[in-house]
Amino acid sequence: MDDKQPPSGSRQRIDKWLFFARVAKSRSLAQERVAAGHVSVNGQKVRQPSHQVKVGDRLDIAMPERDLVLVVKLPGERRGPYQEARLLYEDLTPPPEKKPFSPSEPGVRAPGAGRPTKKERRALDDLRGEPDWSAD
């Protein structure tokens, strides 16, 4: 065995680990995310997809929806189902923030409620401050 190479399984390329942990849909996308600077290992930005991660490393990953904070528990061997991938990391991601209600957002009707009645539509128009076209 080569002296320069760590024992198999103790370290793994970050792009492979992200793919095996199901953080990225493909290894190519994992490489792009790392190369773009969206991944930090133990607080330091990593731009090389070949960077080696080991058990105990903390990964901060900037995702489009929210940022993930993961601690590596195991190196991956294959891209398996979600239940298997969950065993590769400990998720320290804080819960998402609750967005305050904004009256400018469109109203949401309960599924199966159907169309609003004429009375409900008039109440919505009054709430929105829309003109009453029937009053001539």
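The name given to the chain in an unreviewed UniProt entry is RNA-binding S4 domain-containing protein, with Rhizobium rosettiformans as the source organism.

## A closer look at the nonpolar core
The biggest cluster of nonpolar side chains holds 21 residues, and the ones touching the most others in it are I14, W17, L18, V23, L59, I61 and L70. For this core, the elements supplying multiple residues, two or more each, are helix 1 (14-20), helix 2 (27-35), strand 2 (39-41), strand 5 (58-62) and strand 6 (67-72). Sorting elements by how many residues they give to this core places helix 1 first, with four residues. Excluding residues within four positions of it along the chain, I14 makes contact with V34, V39, V41, Q48, P49, H51, V53 and L59.

## Thoughts on the packing of aromatic side chains
Scanning the entire structure with this criterion turns up two aromatic pairs. Between W17 and Y89, the aromatic rings sit 6.3 Å apart at their centres with planes inclined by 75°, giving edge-to-face as the arrangement. On the criterion of sequence distance, the pair formed by W17 in helix 1 and Y89 in strand 7 (residues 89-91) is long-range, its members being 72 residues apart. Summarising the burial analysis for this pair, W17 and Y89 share the class buried. Ring geometry for F19 against F20: centres 5.9 Å apart, planes inclined by 40°, an arrangement best described as tilted.

Definitions and cut-offs
Residues numbered from 1 in each chain as written. Predicted model: local features only at pLDDT ≥ 70, side-chain atom pairs only at ≥ 80, totals over all residues. Heavy atoms only, no water. Core = buried A, V, L, I, M, F, W, Y, C linked by side-chain atoms within 4.5 Å. Buried < 20%, exposed > 50% of the residue type's maximum accessible area, 1.4 Å probe, protein only. Helix = DSSP H or I, 4+ residues; strand = E, 2+ residues; numbered from the N terminus. Contact = heavy atoms within 4.5 Å. Phe/Tyr/Trp six-rings, centres within 6.5 Å; stacked < 30°, edge-to-face > 60°.

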